Amino acid sequence: MAPRPAAGEADRPPVSLADFAELAREVLPAGVWDFVSGGSGVETTLAANRAALDRVAVLPRVLTGVERPCTDAVLLGREQSMPVAVAPMAYQRLLHPDGEPALAAAAGAAGVPYVLSTLSSTPIEEVTAATDGPVWFQLYWLRDRALVADLLDRAHAAGCAALMVTVDVPVLGRRLRDARNGFALPPEVTAANLPGDRDDLAHTGTPGVSAVAVHTGAVFAPALTWADLAWLRDRTRLPLLVKGILDPRDAVRAADVGVDAVVVSNHGGRQLDGAPATATVLPEVVAAVGDRIEVLVDSGVRSGTDVLRALALGATGVLLGRPLLWALAAGGRAGAQAALDLLAVELRDGLTLTGCADPGQARRLRTLTGG
């Protein structure tokens, strides 16, 4: 299914990732649009993510002789076509009936990792079977430790290439759009990797209440500790990433536990409203851990230029989220592939214009804040 143009735009295919947002808004129910696009509280951090990236100016190098740079990069010891992975995002069948398998297949075709959420609306095994590319499994810590162990066993058995534990959701942030909408999942969209005994909580709409928040509150463990992270490190030989780091001291402690990478993230502005923008704290985290571990970043990334900015700020790689959900909504797998193709074009242009032969050189660029 090709990306569906908005009314009157049949002759204007998307030329940037931002175009997919408008296409998605045309086809999505208002409550689903708000669920994906919204943040927590009054959305201060949601806005700050974008503003901080827009303030990052990259100083180009000239006369470097670069004609067509290579976008390939190594993430977690494996070469990818770009220093990019698809961020873990829940309930993708809300956006398109093909959901997670479609986006995973698009990621595989583009040569980048796909990170599968614990709250996927398709089982782990079906998603890994749908793509030839690497799948990283994202873990939310659950109240039932036996269920955590079962998810890890399933991820290993399904051939997942890495594990990513998200640590910034002791409770779900107060997402006021969802509360105002009384947002609940439709019956056909479920947390396919979890037992169904509490699934009705996510489907029961109540005015002024997010059913998704009620469901996650019932199944998520609110008191994850460093001891739990150490247990997880001992439980797997796969590369381990910790997502949700903002304080450099936590990045150092994660490195001490033995993780392979941290993801500097404020959950796309969906958890603590008032948390700093990730572009603001990223250089401090990179400086704190040095070369001990890889440092990835997400939250607010909307273009290949933003990927370039993140690299220049010191990131090893970037997780891309909402733009790919918009592309999935607009055109299923074909839409997601088109968006990833555009991202590669934008990144290659950025590398060319800054005189960089590859993403590694982009990490040596200087930046200014303020334009």
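Report follows, based on the coordinates.

What counts and how
- Residues numbered from 1 in each chain as written.
- Predicted model: local features only at pLDDT ≥ 70, side-chain atom pairs only at ≥ 80, totals over all residues.
- Heavy atoms only, no water.
- Helix = DSSP H or I, 4+ residues; strand = E, 2+ residues; numbered from the N terminus.
- Expected span 1.5 Å × (residues − 1).
- Phe/Tyr/Trp six-rings, centres within 6.5 Å; stacked < 30°, edge-to-face > 60°.
- Buried < 20%, exposed > 50% of the residue type's maximum accessible area, 1.4 Å probe, protein only.
- Lys NZ or Arg CZ within 6 Å of the ring centre and 35° of its normal.
- Core = buried A, V, L, I, M, F, W, Y, C linked by side-chain atoms within 4.5 Å.
- Contact = heavy atoms within 4.5 Å.
- Salt bridge = Lys/Arg side-chain N within 4 Å of Asp/Glu carboxyl O.

**What to know about helix H14 (residues 322-353)**
- Under the 1.5 Å per step criterion, the end-to-end length of H14 is only 26 Å for 32 residues, more than 12% shorter than the ideal 46 Å.
- Once H14 ends, the next one or two residues include glycine 355, with phi positive near 75°.

**Digging into the packing of aromatic side chains**
- Going through the model one piece at a time under the given rule, you end up with four aromatic pairs.
- With a centroid separation of 5.9 Å and 20° between ring planes, the pair formed by tryptophan 33 and tryptophan 326 is classed as stacked. Highlighted residues: tryptophan 33 in helix H2 (residues 30-37) and tryptophan 326 in helix H14, separated in sequence by 293 residues. As far as burial versus exposure is concerned, tryptophan 33 and tryptophan 326 are alike and both buried.
- The positively charged end of arginine 270 is found above the aromatic ring belonging to phenylalanine 35, 5.4 Å away from the centroid.

**Some thoughts on the nonpolar core**
- Formed by 112 residues in total, the largest nonpolar core has its most connected members in Phe20, Tyr91, Leu94, Leu95, Tyr114, Phe137 and Val262.
- Among the elements that take part in this core, H14 stands out by supplying 15 residues, more than any other.
- Setting aside residues no more than four positions away along its own chain, leucine 94 makes contact with Leu28, Val32, Phe35, Phe183, Leu185, Pro186 and Val189.
- Counting 13 residues, the second-largest nonpolar core is a separate cluster that includes Leu75, Leu76, Ala87 and Ala261.

**With respect to the pattern of salt bridges**
- Across all of its chains, the model carries 13 salt bridges by this definition.
- The partner of arginine 145 in a salt bridge is aspartate 228, and the shortest N-O contact between them spans 2.6 Å. Highlighted residues: arginine 145 in helix H6 (residues 145-157) and aspartate 228 in helix H10 (residues 226-235), separated in sequence by 83 residues.
- Residue classification places aspartate 228 among the buried residues on the basis of a relative accessible area of 10%.
- We note a salt bridge from lysine 243 to aspartate 298, for which the minimum N-O separation is 3.4 Å.

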